[in-house]
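# Structure at a glance
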Amino acid sequence: MTQAKKTLVPGLTEAEAIERAKAGDAASFEALYALHKRRVYSLCLRMVGNTAEAEDLAQEAFLQLFRKIGTFRGESAFSTWLHRLSVNVVLMHLRKKGLNEVSLDEMMEPQQEDGPKKDIGARDNVLAGSIDRVNLERCIESLPPGYRIIFVLHDIEGYEHNEIAEMMGCSIGNSKSQLHKARMKLRDLLRLSKAEKASRK
Amino acid sequence: MNEVGENKESMNCAEFHKELPYLIGEGDKLEHSAHLQGCANCRELVADLQYIADQAKLLLPMHDPNPRVWNNIQTSLEREGVIAGGRSPRLGLTPSRPSRWNPMVWAGGLAAALLLAITLMQTNQSPPPAAPESNTAEAAVDPNDQQLLAAVEQRSPALKQVYAANLRSVNAYIADAKRTLEQDPGDDGAREHLREAYAQKAMLYEVATNRSLE
């Protein structure tokens, strides 16, 4: 489906709404917001794990988008543009926050006690077929921030390692390594949860 | 645990784990790893990691921001002069025919479902991954879904696969949330997931029957 054919409502395509928004049409801004709010907010929420922060970030992403909408020339999909902008808003926020609370290096390299357990040789509790989405969402929420961000960007949002490296200001190898640690940590959390559920039965 | 090997082709588990972050996602490289072929533990580990990644791809954007977010945006844009002041009527975001849904909820859901369908069509050359085998029964499209898909196919054959994948995914969410609630009826988070999942399914139906998709 081409962008021009994306239909917001009967008689109004996304491309038309963008053109109207460029002319300052308030209803078109709202239509674009309604179309993209859930995805942008969900992205922010998954990345920061906090409702109030996620709302602020979604708001900031849309404000930046609407201020810049006149520069949108349609070389990429509008949703791709918005999405990338939203990721940058979140990352910028985390960097700023990091100045006072946690450095980017620490964000990228969670403390050892947060890391995945080495379980070479453990053969019980295989996950295949046992993950439910509610539980997966919860386990993602409880990941350390550095792991969570890479996991959300790569495995949920579908960014490639080279894109993540560029956005995060790290190497591709670092991105791969962090993603692996994130998945290992998630595996630990999911196995633990599975074992707890089994023990309750 | 495997024996310690003399070279990369027969590396031990610890060596394999060190290499794994750079092998995983590389397709053939990992599949043809000599260590993996001979080590059941590491095969299980890789299967688990792949399974987690596959499941993550199926997660939907499930959360809507509070309405105050839009109010704040609108106020800021008006103050900055990006848009004209005064609340203008929504640009036909509500369906033209009567609906039992609140317009804002309807618009949000419609937007999300449409976006989902469009995104899937844009980002996946092949259909999105199917629900895992264990969830297949629960996530299968039910008779009503089949009817809907038949109607979609009649009007827009290319969209049928997209809708089928979305319905499977949302049905899997519903099944997961129901199961969690059965285990713990006091789990408010799971209840919220269930509500959101049903809302998404309703919106998918609404979008599918909206002739603007043609």
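Given the structure is predicted, the values throughout are model-derived calculations rather than measurements.

With that settled, consider the environment of V90 of chain A. Residues and elements named next belong to chain A. Within the element layout of this structure, V90 appears in helix α4 (residues 78–100). In this structure the C-alpha to C-alpha distance between V90 and A61, which are 29 residues apart in sequence, comes to 8.5 Å. If sequence neighbours within four positions are ignored, V90 has contacts with C44, M47, V48 and L57.

Right, let's talk about the nonpolar core for a bit. It is characteristic of soluble globular proteins that their nonpolar side chains tend to be buried jointly. Counting 63 residues, the largest nonpolar core has C44 and A58 of chain A as the members making the most contacts within it. Of all the elements, helix α2 (residues 26–48) of chain A adds the most residues to this core, at 14 residues.

On to the packing of α2 of chain A against helix α3 (residues 51–68) of chain A, then. Residue and element names in this part refer to chain A. Direction vectors running N to C along α2 and α3 enclose 135°, while the axes themselves pass 8 Å from each other. On the basis of the axis angle, α2 is oblique to α3. Where α2 crosses over α3, the handedness of that crossing is right-handed. Here F29, Y33, K37, V40, Y41, C44, L45 and V48 of α2 come into contact with α3, specifically with T51, E53, A54, L57, A58, A61, F62 and F66. Across the contact of α2 with α3, the residue classes break down as 13 nonpolar, 1 polar and 2 charged.

This brings us to the confidence of the model for chain A. Here chain A averages 82 in pLDDT, while 79% of its residues score no lower than 70. Segment residues 99–105 of chain A is flagged for pLDDT under 50; beyond a separation of four residues in sequence, or across chains, it makes 4 contacts in the model.

The first and last C-alpha atoms of helix α5 (residues 67–80) of chain B sit 20 Å apart over 14 residues, in line with the 20 Å expected at 1.5 Å per residue. Next to the buried residues of α5 of chain B lie α2 and α3 of chain A. Of the residues flanking the end of α5 of chain B, it is G81 of chain B, one or two places downstream, whose phi is positive at about 80°.

Our focus in this paragraph is helix α8 (residues 143–155) of chain B. The periodicity of an α-helix, 3.6 residues per turn, causes residues three or four positions apart to be oriented the same way. Residue and element names in this part refer to chain B. Between the first and last C-alpha of α8 there are 19 Å, a value that for 13 residues agrees with the 18 Å anticipated at 1.5 Å per step. The set of residues buried in α8 consists of D145, L148 and V152. All buried residues of α8 project into a common sector of 65° when viewed along the axis, lining one side. In α8, those exposed residues whose orientation departs by more than 90 degrees from the buried face are P143, Q147, A150 and Q154.

Turning to the confidence of the model for chain B, a few remarks are in order. Residues and elements named next belong to chain B. Averaged over every residue, the pLDDT of chain B is 70; the share at 70 or more is 65%. In the predicted structure, residues 113–138 sits below a pLDDT of 50 and forms 46 contacts with residues beyond four places in sequence or in another chain. ipTM for the predicted complex: 0.79, alongside a pTM of 0.68.

Residues and elements named next belong to chain A. Remark: helix α6 (residues 133–141) packs on helix α9 (residues 172–200), axes separated minimally by 10 Å, with the N-to-C direction vectors making an angle of 130°. With respect to α9, the element α6 is oriented oblique. Regarding α6 and α9, the two cross each other, and that crossing is right-handed. Side by side, α6 and α9 meet where N135, C139 and I140 of the first sit next to L186, L189, L190 and S193 of the second. Classifying every residue of the contact of α6 with α9 by side-chain character gives 5 nonpolar, 2 polar and no charged.

Rules and cut-offs
- Along each chain, the written sequence defines residue order, and numbers are assigned to residues from 1.
- Each chain gets a letter, beginning with A, and each ligand a number, beginning with 1, in the order they are written.
- Only residues with pLDDT of at least 70 are given local features in this predicted model, and only at 80 or more are side-chain atom pairs given and counted; all residues enter the totals for whole chains, interfaces and linings.
- The helix count covers DSSP runs of H or I at least four residues long, the strand count covers runs of E at least two residues long, and both are numbered beginning at the N terminus.
- The contact criterion used here is simple: two residues whose C-beta atoms, placed from the backbone, lie within 7 Å are in contact.
- What we call a nonpolar core is a set of buried Ala, Val, Leu, Ile, Met, Phe, Trp, Tyr and Cys residues whose membership is set by joining through C-beta atoms within 7 Å.
- To sort residues by exposure, count the other C-beta atoms lying within 10 Å of each residue's C-beta; 20 or more gives buried, 12 or fewer gives exposed, and values between give partly exposed, all with C-beta atoms placed from the backbone.
- Interaxial angles span 0 to 180 degrees and are taken between N-to-C directions of axes, which are lines fitted to C-alpha atoms, for helices over the stretch in contact.
- These descriptions rest on fixed angle ranges, namely under 35 degrees for roughly parallel, over 145 for roughly antiparallel, 65 to 115 for roughly perpendicular, and the rest for oblique.
- Throughout, a crossing is termed right-handed when the near helix is turned clockwise from the far one, and left-handed when it is turned anticlockwise from it by less than a right angle.
- Any residue that is not Ala, Val, Leu, Ile, Met, Phe, Trp, Tyr, Cys, Pro, Asp, Glu, Lys or Arg is counted as polar, Gly included; the first ten are nonpolar and the last four charged.
- Confidence of the predictor in every single residue is expressed as pLDDT, which spans 0 to 100.
- Multiplying one less than the number of residues by 1.5 Å gives the expected span of a helix.
- In this context, the arc is that of the directions from the helix axis out to the C-beta atoms.

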